[in-house]
Amino acid sequence: MFKEVLASVEGIVVDLGAGRVRFAKSLLENPRVREVVAVEIDFSKLREAKKQYSEQRLHLVCGSIACLPLRESSIDTAISILVLHELAGGREEVEKTVKEAKRILRAGGKLIIVDKYLYKPEDPAEALSLMIEDLYHEALREAKGVKLWGLHKPEDYLDIVKKYFSKATWSKVKRERKIPGEVFVKEWGKETKFLVKTIKDENTRRRLENKIREVEKTALEHGYKSSEVLVIIAEN
Ligand SMILES: C[S@@+](CC[C@H](N)C(=O)[O-])C[C@H]1O[C@@H](n2cnc3c(N)ncnc32)[C@H](O)[C@@H]1O
């Protein structure tokens, strides 16, 4: 986890799009954190988390981060890790989420966004990380008609954040996780491949199957490396 991010997390924290709650749970180890509210739209992920964690200071909430069931000015830190690019409904939904974060944060509270962003890595192993993201989004759109916000430039994130928060700093952070190609090919893409199989239009399906082959070829040649992320810290 990034030091600068952890240093800014304190008080009552809401984890926006908490997934399986691993990160939210680890926040409780920070002595500056009092309670953590983990908000996640997929209840099956919260069900898994509930079986694992019984901490009194951890609150699991099923709902959308674009319409938070939390009172005005009740939260010290809101954090969103790798979520905004996955919001269905595109830019409008991202705006609603940032506006909601502003509403629930107390004066002086912080919104921390860590997300993938659009850039051109020189290293093909790192480029693969963005390629598979795009491919998953395309598969979801073609198979189910669901359009996620997707990968965007830092300016696009900042435009939205600065509409609601007057103070915002940002940085690009490298992630060092590398995986050998053979391991990546074994583990990657269950959901993407499933979606592609369900696409009815043959030309579209073939085009995406070719992209899957391209991903696996690149992985076997160069391995896989996590892409950089954008870190934004906005103060209310
Ligand atoms: C890539 S995962 C990241 C999970 C977690 N933050 C982490 O770092 O492990 C994105 C999560 O956002 C959740 N999500 C997507 N749209 C959401 C929404 N509108 N409200 C709440 N959660 C949402 C997804 O269900 C998924 O669990």
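Residues numbered from 1 in each chain as written. Predicted model: local features only at pLDDT ≥ 70, side-chain atom pairs only at ≥ 80, totals over all residues. Heavy atoms only, no water.

Asks: Can you help me understand empty space enclosed by the protein in this one?
Replies: Gaps left between atoms are located by rolling a probe of water-molecule size over the structure's atoms. For the coordinates displayed, the defined rule picks out one cavity of 30 Å³ or more. Taken together, Leu16, Ser80, Leu84, Thr97, Val98, Leu111 and Ile113 form the lining of the largest cavity. Sorting the residues of the lining of the largest cavity by element identifies helix 4 (90-104) and strand 5 (105-116) as the ones contributing at least two each. Looking at side-chain class alone, the lining of the largest cavity contains five nonpolar, two polar and no charged residues. (1 Å grid on protein atoms, 1.4 Å probe; cavity = no way out; pocket = protein on both sides within 12 Å on 5 of 7 lines; lining within 4 Å. Points joined across faces, edges and corners; volume = space filled by probe spheres on them. Helix = DSSP H or I, 4+ residues; strand = E, 2+ residues; numbered from the N terminus. Nonpolar A, V, L, I, M, F, W, Y, C, P; charged D, E, K, R; others polar.)

Asks: Help me out: how do you make sense of the site of the ligand in this one?
Replies: For the ligand, the set of nearby residues contains 15 residues, the closest of which are Gly17, Glu40, Lys45, Ile65 and Ile81. Within the side chain of Glu40, one N or O atom sits 2.6 Å away from an oxygen atom of the ligand. In isolation the ligand exposes 590 Å². Once the protein is present, 81% of that is buried. When its residues are assigned to classes, the shell around the ligand shows seven nonpolar, four polar and four charged. (Near = heavy atom within 4 Å. Polar contact = N/O pair within 3.5 Å; in protein donor to acceptor, adjacent residues only side chain to side chain. Areas by Shrake-Rupley, 256 points an atom, 1.4 Å probe, with all protein chains shown as cover.)

Asks: So what exactly am I meant to see when it comes to the sheet that holds strand 9 (residues 229-235) here?
Replies: The pairing of strands in a sheet happens through backbone hydrogen bonds and is either parallel or antiparallel. One open sheet holds the seven strands; their spatial order is 3-2-1-4-5-9-6, and the pairing between them is mixed. Strand pairing shows two members of the sheet lacking a second neighbour, strand 3 (58-62) and strand 6 (167-173), which therefore form its edges. Mean inter-strand twist for the sheet, computed between neighbouring axes without regard to direction, equals 15 degrees. Sheet analysis places strand 1 (residues 11-16) next to strand 2 (residues 33-40), joined by six bridges and oriented parallel. Across the sheet, the residue bridging to Leu16 is Val39, located in strand 2. (Pairing = 2+ DSSP bridges. Axes fitted to C-alpha atoms, helices over the stretch in contact; angles between N-to-C directions.)

That's the geometry; what it means functionally is another story.
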